[in-house]
Amino acid sequence: MVMGKGAGPSALQVCQFLALFLSLFPAATLQCKILKCNSEFWASTSSSGPEEEFCTALRAYNSCVRRTARTCRGDLAYHSAQHGIEDLMSQHNCSKEGPTTQPRARTVPPPVLSPPQTDIHIPSDEPEVCHYERSLPHNAAPPNYTHCGFFGDPHLRTFNDDFQTCKVEGAWPLIHNKYLSVQVTNTPVVVGSSATATSKLTIIFNSFQECVDQKTYRAETEDLPAAFIDGSKNGGEGHGANTLRVVEKVPGQHVEIQARYIGTTIVVRKVGHYLTFAVRMPEEVVNSVEDQDNQDLYLCLHGCPANQRIDFRTFKARAAESHGVGRGRPGNPSHGFTYQSAMAKCKERLPVEDLYFQSCVFDLLSSGDINFTLAAYYAFEDVKMLHSNKNKYHLFEKDTIFNSASRKLAFSVLIFISFVIVQLWTDSCFICL
């Protein structure tokens, strides 16, 4: 009886806490302060000093970065700093425990720019750990490769083969796991419209064992470089450096980044004034997330947030009915295209009326930019090159509806089961009383 009385209030408190937790999801509204953490750290280490002084500054830097976790979630600079701190801690044998005095402000000298690196000849006998498939256990099943694509106005094909049309103006993370991070920046295509397209792409490859150093690739609408930002075209000077390479396929238009140490291939294209992105990646690498709390905005894995999605079917029905304009005035051609003329133009490159064809029509009606026809065409060409299942090259509306319905059903079942468990647990507590 004494235990029963103790259990009753405890169960009630837990239920109250659970209800409060489920009802409150505060959004972060403060600006990310990661750059302040970075500048303070570099200011404190700009002059050489004892190793312990460096470790103290590094621990202070780590504390500063951790305090920004809530407001910087999804920011590429924040996630890059996290990985950089771990590497520096290891390189300098710094303990995570110890004094964390605030870094002393010093005058920051101008950065010293090292000359561009040239490719270094690396022997072909790369360590097995630097080749993804060779590093797998001999009796392991072949890896399952997945694909994500991002193109046009913009359209997203997730690793789960969901197809979405999104707004997502500004900077958004496509991929973030323990091996690499990808962030896109989308800008408006037409003034006053919600149509956006990718104008900037940043990819950070984290250092990996003896294989590759940390490398950053950045592309913008004016420049599709054939090298990393340090001028090099491979992963550094290690024995496995050539397992990370930038390969220029078409100068200024098509670049392929091969990361064999993680079984990954990335294709970046410049089509007209905007960029497209496509990736082939093993499922194991896709799911190698380090912080589950920071993965809700990982677009290639979870898709665009609900409030950023555009209802493709409603748009299509409205445009077809008016014989004209997607987001313009009904009855008049949108940016020079009617629904029928947009369909005819897209048919020239995309004969199958799948979601790539529909996205082409959508983009012509939204922007009038004929280059979006090529963006959809090349996005599908990349699917044929990167997707591991030829039966899933084409996606149709019924496929995405089925995927969405299946997940909603699974979520409803999970909620129901959770409710039953809580109810049974609560009843058992009342019985104890």
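Residues numbered from 1 in each chain as written. Predicted model: local features only at pLDDT ≥ 70, side-chain atom pairs only at ≥ 80, totals over all residues. Heavy atoms only, no water.

Identification of the chain as Repulsive guidance molecule A isoform X1 from Danio rerio is taken from an unreviewed UniProt entry.

Draft legend 1. Region of interest: the state of the cysteines. This structure, assessed with the given rule, holds six disulfides. Disulfide partner of Cys148: Cys300, at an S-S distance of 2.0 Å. One disulfide, between Cys148 and Cys300, carries an S-S torsion of -75° and so falls in the left-handed class. Residue Cys148 is found in strand β1 (residues 145-151), and its partner Cys300 is found in helix α8 (residues 299-302); the two are separated by 152 residues along the sequence. Like Cys300, Cys148 is buried. (Disulfide = S-S within 2.5 Å. Helix = DSSP H or I, 4+ residues; strand = E, 2+ residues; numbered from the N terminus. Buried < 20%, exposed > 50% of the residue type's maximum accessible area, 1.4 Å probe, protein only.)

Draft legend 2. How the structure looks around the environment of Phe396. Note that Phe396 resides in the loop between α12 (371-386) and α13 (397-432). Taking the relative accessible area as the measure of exposure, Phe396 reaches 30% and is therefore partly exposed. In the structure, Phe396 is positioned 39 residues away from Phe357 in sequence and 9.7 Å away in space, judged by C-alpha atoms.

Draft legend 3. Here's a closer look at the pairing of strand β6 (residues 196-205). Burial of β6 is extensive: nine of the 10 residues sit out of reach of the surface. Examined bridge by bridge, strand β5 (residues 180-188) and β6 share nine bridges and lie antiparallel to one another. Residue pairing for β6: Asn186 is matched across the bridge by Thr198. Sheet analysis places β6 next to strand β7 (residues 215-220), joined by six bridges and oriented antiparallel. Looking at the pairing, Ile204 lines up with Thr216 of β7. (Pairing = 2+ DSSP bridges.)

Draft legend 4. Quick look at the pattern of salt bridges. Counted by the stated rule, this structure contains seven salt bridges. The salt bridge partner of Glu353 is Lys347, with a shortest N-O separation of 2.8 Å. When the shortest N-O distance is used, the salt bridge between Glu381 and Lys384 registers 2.9 Å. Here Glu381 pairs with Lys384, and both are found in helix α12, just three residues apart, close to one helical turn. Residue Glu381 is classed as partly exposed on the basis of its relative accessible area, which comes to 25%. In the salt-bridge network here, residues are joined through shared partners; they are Arg157, Asp161 and Lys392. (Salt bridge = Lys/Arg side-chain N within 4 Å of Asp/Glu carboxyl O.)

Draft legend 5. Spatial organisation of unusual backbone geometry. One non-glycine residue with positive phi stands out, namely Asp161, at about 65°. With respect to the secondary-structure elements, Asp161 resides in the loop between β2 (155-157) and β3 (163-165). Residue Asp161 is classed as buried on the basis of its relative accessible area of 9%. The phi dihedral of Gln209 falls on the positive side, at around 45°, and the residue is not glycine. In this structure, Gln209 sits in the loop between β6 and β7. A relative accessible area of 59% places Gln209 in the exposed class.

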